[in-house]
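Structural features, examined
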Amino acid sequence: MNGYRRLSWLLILLVVVGALVGAVLAEDPPATEAERAYEIKETMLCPVCDGQNVLESNAPVAAAIRAQVDELVDEGRTDEEIRAWMARQYGDDVNANPPRSGLGALVWVLPVFVGVLASALLVLAFTRWRSGREIKPSEEDVQIVRTLREKS
Amino acid sequence: MTALLGTVGVWVALAGALGASVMLILTLGIRQDERHNRAFPWVAVMVSGCVVAVVAMEIALLTDNFSLAYVAANSTKTTPVLYKFATLWGALEGSLLLWALVLCLYVSAVSLNFRHQISDRLVAWALLTMLVVCVFFFGLLAGPADPFGTLPNPPVDGNGLNPLLRNHPLMAIHPVMLYFGYVGFTVPFSFAIAALVTGRLDERWLTSTRVWTLIAWGSLTVGVLLGAWWSYEVLGWGGYWAWDPVENASFLPWLTGTAFIHSVIVQERRGMLRVWNLCLLLATFALTIFGTFLTRSGVIESVHEFSASSLGPLLLGFFALILVVSVTLVGLRGDQLRSPGSIDSPLSREGSFLANNLLFSLFAFVVLLGTVFPLIVEAINGDQLAVGRPYFDRMLLPIGMALLLVMGLAPLLTWRSTAGSVLAQRALAPAACGAGVMAVAVVAGAEGVGPVLGMGLGGFVIGAALRHLVIAFRRNGWRGLVGRSGGGMVAHVGVSLLAFGFIASTAFSEEGEFQLRPGDTGSVAGHHITFVALTDTMDGPNRVVRALIDVEGRGIHSPAITQYPTFGRPIATPSVATSFIDDVYLSLIAIPEPDTDSVVIRVLIEPLVAWIWIGGFVIGVGTLLAVIPVGISRSARREEEVVRR
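Let me begin by describing the structure that accompanies this report. (Residues numbered from 1 in each chain as written. Chains lettered and ligands numbered in written order. Predicted model: local features only at pLDDT ≥ 70, side-chain atom pairs only at ≥ 80, totals over all residues. Heavy atoms only, no water.)

1. Quick look at the environment of His174(B)
All names here are of chain B.
- Within the secondary structure, His174 is located in helix 7 (residues 170-184).
- A relative accessible area of 13% means that His174 is categorised as buried.
- Taking the C-alpha atoms as reference points, His174 and Trp11, separated by 163 residues in sequence, lie 28 Å from one another.
- Not counting residues up to four positions away in its chain, the partners in contact with His174 are Gly223, Leu226 and Gly227. (Helix = DSSP H or I, 4+ residues; strand = E, 2+ residues; numbered from the N terminus. Buried < 20%, exposed > 50% of the residue type's maximum accessible area, 1.4 Å probe, protein only. Contact = heavy atoms within 4.5 Å.)

Dropping the structure here:
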């Protein structure tokens, strides 16, 4: 690699790192109460509108859930408590995020498992292809090389 | 009369499909290959029958023939002509009729294209497979999903479609494009089955279906994006993709189809991955049928859901049949499918295609799992749970980022093996492009590692694609820009533009809700909007309330809310003040109370959304360029052949 190219890569690396640092610094400070409420609402599905969350929906029940979330956040309940409360009121399927325990947790675990397994198989295939390519020199080949070496 | 005409059309088409199938089974069975062309007249009968049925339905729709149950349920006298026409695909039975029509078009095109090669058993088997699919769909139309059922006492006026389906012209285009994609995969699927049955598993069948696969893929891509655009312009929540089961159903075949059009290059070039490519094609077609099952059986709740029907078991049965036949054939031919050769290095073009396939398959797996998981859990222990957008976002964003990385690297790698120093030299300009995009994004106010990194990867992909295009242009002139690699790179640029729009609009959108009186101004993210006036008019039987809003620098926009007499809750129609930088998305929250002069307006500022649609257009152009056969000079072709050997 010549010096010019090395310099260019260094420059690119600097810009990338600089941009990422800038991106982190620009990020808002930790969540305020209102932002916490917003994030919870984002993951609450409106029970009557097929997949819209309560922020997007204009249905009365969505408005009610929004108000309840604000209230519970004001009372200082944790996210988990609010989600559990909503699930008791409106059923488990009010939470857009499937549960992390019980049978429902499989939906989180399976993709990771399949991803790791598939990657492992691919790596295995590569190593097998690679080892298959190594050709062992025959007796004859070794003999030829030996005679050549002796000559020189 | 029209009903009779339509019913006759469907039955004639079914008879034609059956006749052609039986003819082909006979001639294939007794090995009289020169007689396969006797199926063609039956194919013509089938196509004519289908056209008659579609024309009959359109006449019934356009002339308000409410004696047909379908017309009475889905159309009204006051529906504008364009939407009367489009009502053909507005509900269950009609949409299957459109499916059958598109299938007939593909069968006709294949028959015309291969009419001189029909004595080839491979082509005959492929045609037979397509005809069996036709028999299934006409069978549905002749019985369980009869679009021509009549009412003994026709109503004076019909119910009309859901108003959401008749207030935007995209509704007339999106489903048709989508079906051209969905149904188009029948062609490569049929050739794959034919290759398996005849045992002719060399690369010839692939080459002959290349163009068909690309056309199907391009239509599906554009169709899905038009659906997203429609959702953005009509539904009023400011989004374009909700990971709704029906969206997922159209996305799944796209994912496996995209994996296929990439990995097939490895097979054509190196003769490898034969089993894998066949499986991808079979899976793609199976997923289109599975998606149809999900959306037309009522098993899943969705905004797109068609009325619950008895088609579920039939579609599921057909899906199972496809699966059993595919698995059996692949199993029987397994030994012949073992491909020669090996992949030398992960850092090679082949290696990048494998990584692409791994990621796309994983992506498809997550989408499929997330879509059917609530059904599975409910079946096992009765729990009702939801798998919503946050789940898909969290699981799929890392895969999407990895895909962008591979997408940028792949064009820089050589076949067989790439030396690190070569890659370092080739990747320099694209990496600089990516770094530049990141710097610009941060300066423009982007925040957070994920979004900024994603945009940088998008820039890297564009850099790599442009590098390829520039080199190809220097070498071959304009011809360097067409054909699979040229068109493919143009499509890559489109995907990156789309990624910019997607990342910016999801990560950096801002919103505000204002209660405004005439003359009041509200502002979000530097955009000032002023409420000018309210209009309250009747459009035929519908009451339309519009708020005239002056968006600073972008003129007057008027979000509306409409009360339809035949539909309970009022429907809000958003208005979008668009630009290349950001969209100001306005929607009216509710019909204002009669005694006030203030309105509640929801304002969303969504950066770069326009680039999603521009990106989709560029992908479409790229696909068209890829379909154009490369007219490389004869000497170059000879050279390539030598290299291949």
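Further notes follow.
2. Quick word on empty space enclosed by the protein
Residues and elements named next belong to chain B.
- Using the criterion set out here, one finds two cavities of 30 Å³ or more in the structure.
- In this model, the largest cavity occupies a volume close to 50 Å³.
- Every residue lining the largest cavity is listed: Tyr83, Ala86, Trp89, Gly90, Leu161, Leu165 and Met171.
- Split into classes, the residues belonging to the lining of the largest cavity amount to six nonpolar, one polar and no charged.
- Estimates place the volume of the second largest cavity at around 40 Å³.
- Along the walls of the second largest cavity sit Phe40, Val110, Ser111, Phe114, Ile118, Val123, Ala126, Leu127 and Phe191, which together make up its complete lining.
- Sorting the residues of the lining of the second largest cavity by element identifies helix 5 (92-113) and helix 6 (121-142) as the ones contributing at least two each.
- Here the lining of the second largest cavity takes three residues from helix 6, the largest share from any one element.
- Here the residues of the lining of the second largest cavity sort into eight nonpolar, one polar and no charged. (1 Å grid on protein atoms, 1.4 Å probe; cavity = no way out; pocket = protein on both sides within 12 Å on 5 of 7 lines; lining within 4 Å. Points joined across faces, edges and corners; volume = space filled by probe spheres on them. Nonpolar A, V, L, I, M, F, W, Y, C, P; charged D, E, K, R; others polar.)

3. Some words on the packing of helix 9 (residues 204-234) of chain B against helix 10 (residues 245-270) of chain B
All names here are of chain B.
- Across the interface, helix 9 lies against helix 10 with an axial gap of 10 Å and an inter-helix angle of 150°. Note on packing geometry: the crossing formed by helix 9 with helix 10 is left-handed. Along the contact surface, helix 9 presents Leu206, Thr207, Arg210, Thr213, Leu214, Trp217, Leu220, Thr221 and Val224, while helix 10 presents Ser250, Pro253, Trp254, Gly257, Thr258, Phe260, Ile261, Val264, Gln267 and Glu268.
- Tallied by class, residues from the contact of helix 9 with helix 10 come to ten nonpolar, seven polar and two charged. (Axes fitted to C-alpha atoms, helices over the stretch in contact; angles between N-to-C directions. Left-handed = near helix turned anticlockwise from the far one by under 90°.)

4. Focus on the side chain of Thr221(B)
Residue and element names in this part refer to chain B.
- With respect to the helices, strands and loops of the structure, Thr221 is situated in helix 9.
- On the basis of relative accessible area, Thr221 is assigned to the buried category, the value being 4%.
- Look past the residues within four positions of Thr221 in its chain and what remains in contact with it is Trp254 and Ile619.

5. Structural notes on the pattern of salt bridges
Residues and elements named next belong to chain B.
- Within this structure, the stated rule accounts for twelve salt bridges over all chains.
- Residue Arg554 is joined to Asp582 by a salt bridge in which the shortest nitrogen-to-oxygen separation is 2.7 Å. Of this pair, Arg554 sits in the loop between strand 4 (542-551) and strand 5 (555-557) while Asp582 is found in strand 9 (residues 582-588), placing the two residues 28 residues apart along the sequence.
- Look at Arg554 and you get partly exposed, because its relative accessible area is 22%.
- What makes Asp582 buried here is its relative accessible area of 11%. (Salt bridge = Lys/Arg side-chain N within 4 Å of Asp/Glu carboxyl O.)

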